[in-house]
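# Commentary on secondary and tertiary structure
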Protein chains: 2
Amino acid sequence: MDIREIARRAKVSTATVSRTINRVPTVDPLLAKRVWRVVNELGYYPNRQARALVSGRSRIFGLIVSEITNPFFPEIVQSFEDLAVQHNYELLLTSTVHDPKRMEMSVRRMIERRVDGVAILTFGMEDSLIGDLRFRKVPLVFVDVGPRMPGVSNIRVQYQEGIREAVQHLAALRHTRIAFVSGPLALRSAVARKAAFEQSMQEIGLKVARELIIEGDHTMKGGMRALLELLSVRERPTAVLCSNDMTAIGVMREAFDYGIRVPEDLSLVGFDDIRMAQFMIPPLTTVQMSQTELANLAFQALLNHVESDSLSLKHKEYILHTTLVVRKSTAIAASSSAEEKAAKARRLVSRTA
Amino acid sequence: MDIREIARRAKVSTATVSRTINRVPTVDPLLAKRVWRVVNELGYYPNRQARALVSGRSRIFGLIVSEITNPFFPEIVQSFEDLAVQHNYELLLTSTVHDPKRMEMSVRRMIERRVDGVAILTFGMEDSLIGDLRFRKVPLVFVDVGPRMPGVSNIRVQYQEGIREAVQHLAALRHTRIAFVSGPLALRSAVARKAAFEQSMQEIGLKVARELIIEGDHTMKGGMRALLELLSVRERPTAVLCSNDMTAIGVMREAFDYGIRVPEDLSLVGFDDIRMAQFMIPPLTTVQMSQTELANLAFQALLNHVESDSLSLKHKEYILHTTLVVRKSTAIAASSSAEEKAAKARRLVSRTA
DNA sequence: CACATTTCAGAATACGTTTTCTAGCGTGTT
DNA sequence: AACACGCTAGAAAACGTATTCTGAAATGTG
C-alpha cells in the first residue's frame, strides 16, 4: 500500500503520484485521473510520518494544559481540535498535572514528535523547561505571561475589563462590602485578577477591607474554606467575587449548607464562565473569558508563525477581552437591619448545631 | 542534531548510537558512555517519525470520543493520557461531534498517522466507517457494542448492576412511582439502560407506568423537558431515575424553578457519576461508571493486542461494573397525603403565576 | 598452536514520502 | 529550418532512524 504500489499500477513514477496527491497543478490531467483511480480502488492513505520526515513539518500542534479535568479546558481542547481538523493538523495533547516531571516530559514529547508549534496553557511552566523548545526554534504561544522573544507570541487577557464590570454591577446593586477570594498567588494570572479587583474597587470609591481578601486555590474546597473564613469576620460581606468559577461554586455550596441563600443573602460572582456555571442553581453570574476565543487566538498565533516562512518570527501580542455575564447569583444587597442579622445568625446556628 | 551527528562526535557508527539509546545490552559500556555523554551535551532527542517509519510502530494510540466537552469524557482522556505517558505512547484525540463526516475524518487521520490501536468511545460509529481500520488490522476496542472479531475487543458495561441497586435503594425509601428518563433510544447504551431499569422494577415487584417513561436526549435541556412532561401526569412520580447525570441535572434545575424540592418532594438519581454530580446542590445520588476504570480497560486492551506479537489477536471481552453512589438527592418518599399534594400544587401555582 | 565459535561494531539497506535534478519533447522565433 | 526555451515526467537523492548483514577480533576447544 505504498506510493510505489500506486505508481506501479498506474504506470507512472512515484513522483507523479506524489504530485497528484498533493495537487501540484503541473501534472497531466490524464495521468492524474489514472492515479486517483488507483488510489481510490486501493483505499490508499499517505503515511504522515514519512511525509513529515522529508518535508520537515509534522503538521502537529502541541497543546499543554495543566489538567484536562479542569473544567476550564475541555472547551478549549474541543475548539482547538476543530481548528486542527479544519487546517489539516493534528493535536498533541499533554497535561502537566502540576508535576514538574510531567512538564518536562511534555516538552520532551513535543520535541520528539517534532511538533510545528506549541500552545502553553498551563501556568507555572518554568522558563528552564521551555528552553529546549526555544532552542529548537519551535513557535510558541503563551497565555498571559511568557517571554517577549521572536518566535513566541502572547495572548494578553484583559482581566481588568470584566472585573471592573463585575464590581460596578455589584456596586449598582448597593453592595459596599465586597469580598474577594483569590487564586493561589503563586500564579501570575491569579495575582493579576486580584490586582484588577483592587483597582476596580478603588476606581469606584469603595474600600477593600483587608479581612475580606482571602487567598483560595481555585478549587471548590478552597471556595468552601474561604466562605467559612468570611463568616467569622465581624462585619460580613454582602457579596463575594471569586477568582474563578470553581471557587464560586465552592462558596455557593458551603453557603447552602449554612442556610445562606444566594443571591438573597449573598451575591456571588465567578470568573471564567465555564460550562457548569450556567448549570448551577442559581445560575452563576460570572466574568466570561471565552474559551473558544482563546483557542482561536492560540491556534492562529501558531499558524501565523508556521505559514509565514520564518520571515515573520516576530513576537506578537493578542488581546483576549473579558466581560460580565449576569445570571441569577447576584441581587440587591440585603439590608443590614437588625432582624436580618438575627435571622441569619439563627439559621447559621441551627445548621451547625 | 542527527543520530549521525552523535555518531560522528562520539566516534562510533550510527548503529552503535541507536543501540545505545535503545539500551541494547550488547554494546560496550565504554562506547555507551561516550555516546550518552554526547547525547546529553547536545540535548539530542530522537525523531519519532523516523523511528516509526522504520520500526513499523508509531507508538500512538487513537482515542475517538463524541465531544470532549461532554463531561463524561475529560476524566477518561486524562486517565488515558496518564497511561500513555507511563507506557511511552502518544495520544491522538479526535472528536466526532456526532457528525458522520467528522467520524470519517477521524478514522482517516488515525490511519494516516498509522496509530497502533484505536479506542472507540463514541456511540453510533457506523460499521462501514471502521472498515478501513479493520482492513488494515488496526487493533480496536469498543465500549458496549462492537463486532466480535479478531483484533477487536469489547468492554461490556454492567448497567444492570448499578441500576438494580438504584431501584432497590429507591424502593427501600418507600418510592413506588418511579419515573425513568431515558437517553436517545438510537443509542444502544441508552436502550440498555432503559431495559435494565424495566427489569429491575419487575424484579422488585414494582409496576413501570407507561407514562412515567420519558425519552430524553442525555442533555440538560432534555432533562428539563422531561420533568415538565412528568408534572402533567395524573399521579406524579416521587422519584426519577435518569439515564445520565446531565439529564438529572436538568431535572433538578427545572424542579428548582417550579419550587419542587430535591430530595424532599422528589428523589433524583443519575447515571455516570461525572465530576459535576458531587458539586450539585444537593449532591447527586448516581450510578457510578468509573471513567478511570474504563480508560484503564481500554488502554490495556489495546496494549494487549500490540504487545502480543500478533499471535493473540483474539477477540476479548472486558467487564466494567457499575455501582450506586448515594449522596443527597434521594430521601424517603413524600407521603401522598392530601395536604402534601395540596401544598405541592400551591407551590407550583405560585411559581408559574 | 590451529581452528571453530562467539561477540560486537560498523557498513549498508530499508522504511514511505517529497523534491531536486535531468532529459525529452513540443513550441515559438528568427 | 535551426535553435532556444518552456514544460512535464521520471530518476535519484534525501529525510533520520532501526536492523540485517558482514567481518574482525576475542574467546574457547582440541
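## Here we look at the overall build of chain A
Of the regular secondary structure elements, chain A holds 14 helices and 12 strands. The C-alpha atoms of chain A give 26 Å as radius of gyration, which overshoots the globular expectation for 353 residues (20 Å, by more than 25%). Summarising its shape, the C-alpha atoms of chain A cover approximately 95 × 40 × 35 Å along the three principal directions. Across the 353 residues that make up chain A, the buried fraction comes to 56%. As presented, chain A carries roughly 15,700 Å² of accessible surface, and 52% of it is formed by carbon and sulfur atoms. Considering chain A, the positive charge centre built from 48 side chains and the negative charge centre built from 39 side chains are found 5 Å apart.

## Some remarks on the packing of helix α5 (residues 73-86) of chain A against helix α6 (residues 100-112) of chain B
Relative to each other, α5 of chain A and α6 of chain B sit at 75°, their axes nearing to 12 Å. In terms of their interaxial angle, α5 of chain A and α6 of chain B are classed as roughly perpendicular. Taking contact as the criterion, the partners of Q78, E81, D82 and V85 of chain A in α5 of chain A are, on α6 of chain B, R102, M105 and R109 of chain B. Considered class by class, the residues forming the contact of α5 of chain A with α6 of chain B number 2 nonpolar, 1 polar and 4 charged.

## Considering the domain arrangement of chain A
Size of an interface, as often reported, equals the accessible area lost when the parts are brought together. With domains assigned, chain A is organised as domain 1 (1-24 + 42-56), domain 2 (57-157 + 291-321) and domain 3 (159-289 + 325-352). One C-alpha centre belongs to domain 1 of chain A, the other to domain 3 of chain A; they are set 60 Å apart.

## So, the relation of the copies chain B and chain A
With an RMSD of 0.1 Å, the operation that places chain B on chain A is a rotation of 180° combined with a shift of 0.0 Å along the axis. Both copies are brought into coincidence by an operation consistent with a two-fold rotation axis. Closest to the rotation axis within chain B is the C-alpha of Q49 of chain B, separated from it by 2.4 Å. Same-surface contact between copies: 100% of interface residues of chain B are shared with the interface of chain A.

## Regarding the sheet that holds strand β9 (residues 267-272) of chain A
Through backbone hydrogen bonds, the strands of a sheet pair up, either in parallel or in antiparallel fashion. Residue and element names in this part refer to chain A. Sheet architecture is open: 6 strands sit in the order β7-β6-β8-β9-β10-β12, paired in mixed fashion. The sheet terminates laterally at β7 (213-215) and β12 (323-325), the two strands that pair on one side only. Neighbour to neighbour, the strand axes of the sheet diverge by 20° on average, direction disregarded. As paired strands, β9 and strand β10 (residues 285-288) are joined by 4 bridges and run parallel to one another. Opposite V269, over in β10, you have T285 as the bridge partner.

## Looking at the protein's contact with DNA strand C
Taken together, 24 residues surround DNA strand C, and among them I3, S18 and Y44 of chain A together with R19 and D28 of chain B come closest. The protein-proximal atoms of DNA strand C, defined as those within 4 Å of the protein, are 67% sugar or phosphate. The backbone of N47 of chain A places a nitrogen or oxygen atom 3.2 Å from a phosphate oxygen of DNA strand C. Here a phosphate oxygen of DNA strand C sits 2.8 Å away from a polar atom, N or O, in the side chain of T16 of chain B. Elements supplying a minimum of two residues to the surface near DNA strand C: α1 (3-10), α2 (14-21) and α4 (48-55) of chain A together with α2 (14-21) and α4 (48-55) of chain B. Looking at side-chain class alone, the surface near DNA strand C contains 12 nonpolar, 6 polar and 6 charged residues.

## Quick look at the interface of chain B and chain A
The interface is formed by 57 residues belonging to chain B together with 57 residues belonging to chain A. For the pair chain B and chain A, the summed buried area comes to about 5,500 Å², and 56% of that belongs to carbon and sulfur atoms. Ranking the residues of chain B by area buried against chain A places Y45, R113 and I281 of chain B at the top, with a combined share of 16%. In this structure, the connection of chain B to chain A is made through 12 salt bridges. The salt bridge partner of R48 of chain B is E112 of chain A, with a shortest N-O separation of 3.0 Å. Our count for the contact surface shared by chain B and chain A stands at 32 residue pairs in polar contact (both at pLDDT 80 or more). Sorting the residues of the side of chain B that touches chain A by element identifies α4, α5 (73-86), β2 (90-95), α6, α7 (127-135) and α11 (245-257) of chain B as the ones contributing at least two each. Of all the elements, α5 of chain B adds the most residues to the side of chain B that touches chain A, at 7 residues. Considering only residue class, the side of chain B that touches chain A consists of 31 nonpolar, 9 polar and 17 charged.

## Describing the protein's contact with DNA strand D
Neighbouring DNA strand D are 24 residues, the closest being T16 and D28 of chain A together with I3, S18 and Y44 of chain B. The contact in question runs from a phosphate oxygen of DNA strand D to an N or O atom on the backbone of S13 of chain A, over 3.2 Å. For DNA strand D, a phosphate oxygen lies 3.4 Å from a polar atom in the side chain of R4 of chain B. Elements represented by at least two residues in the surface near DNA strand D include exactly α2 and α4 of chain A together with α1 (3-10), α2 and α4 of chain B.

## Topic: unusual backbone geometry
A cis amide bond links I281 of chain A with the next residue in sequence, P282 of chain A, at an omega value of -5°. Residue position: P282 of chain A is located in the loop between α12 (276-279) and β10.

## Examining the pairing of strand β10 (residues 285-288) of chain B
Both β10 of chain B and strand β12 (residues 323-325) of chain B contribute to a ladder of 3 bridges, which runs antiparallel. Looking at β12 of chain B, one finds that V287 of chain B is bridged to L324 of chain B.

## Points about α1 of chain A
Taken together, the buried positions of α1 of chain A are E5, I6, A7 and A10 of chain A. Buried residues belonging to α1 of chain A abut α2 and α3 (29-42) of chain A.

## Things to note about the packing of aromatic side chains
Under the definition given, this model contains 14 aromatic pairs over all chains. On the numbers, 5.4 Å between centres and 70° between planes, the contact of F72 of chain A with F73 of chain A is edge-to-face. Three or more aromatic residues joined by ring pairs make a cluster, and in this case those are F61, F80, Y89 and F299 of chain A. Above the face of the Y45 of chain A ring, R108 of chain B is positioned so that its terminal group lies 4.3 Å from the ring centre. Positioned over the ring face of Y45 of chain A is R136 of chain B, at 4.8 Å from the centre of the ring.

Parameters at a glance
- Residues numbered from 1 in each chain as written.
- Chains lettered and ligands numbered in written order.
- Predicted model: local features only at pLDDT ≥ 70, side-chain atom pairs only at ≥ 80, totals over all residues.
- Heavy atoms only, no water.
- Helix = DSSP H or I, 4+ residues; strand = E, 2+ residues; numbered from the N terminus.
- Rg over C-alpha atoms; globule rule 2.2 N^0.38 Å.
- Buried < 20%, exposed > 50% of the residue type's maximum accessible area, 1.4 Å probe, protein only.
- Areas by Shrake-Rupley, 256 points an atom, 1.4 Å probe, with all protein chains shown as cover.
- Lys, Arg positive; Asp, Glu negative; His and termini not counted.
- Charge placed at Lys NZ, Arg CZ, Asp CG, Glu CD.
- Axes fitted to C-alpha atoms, helices over the stretch in contact; angles between N-to-C directions.
- Parallel < 35°, antiparallel > 145°, perpendicular 65-115°, else oblique.
- Contact = heavy atoms within 4.5 Å.
- Nonpolar A, V, L, I, M, F, W, Y, C, P; charged D, E, K, R; others polar.
- Domains from an automatic or database assignment.
- Least-squares fit on C-alpha atoms with pLDDT ≥ 70 in both.
- Pairing = 2+ DSSP bridges.
- Near = heavy atom within 4 Å.
- Polar contact = N/O pair within 3.5 Å; in protein donor to acceptor, adjacent residues only side chain to side chain.
- Buried area = accessible area lost by both parts, 1.4 Å probe.
- Salt bridge = Lys/Arg side-chain N within 4 Å of Asp/Glu carboxyl O.
- Phe/Tyr/Trp six-rings, centres within 6.5 Å; stacked < 30°, edge-to-face > 60°.
- Lys NZ or Arg CZ within 6 Å of the ring centre and 35° of its normal.

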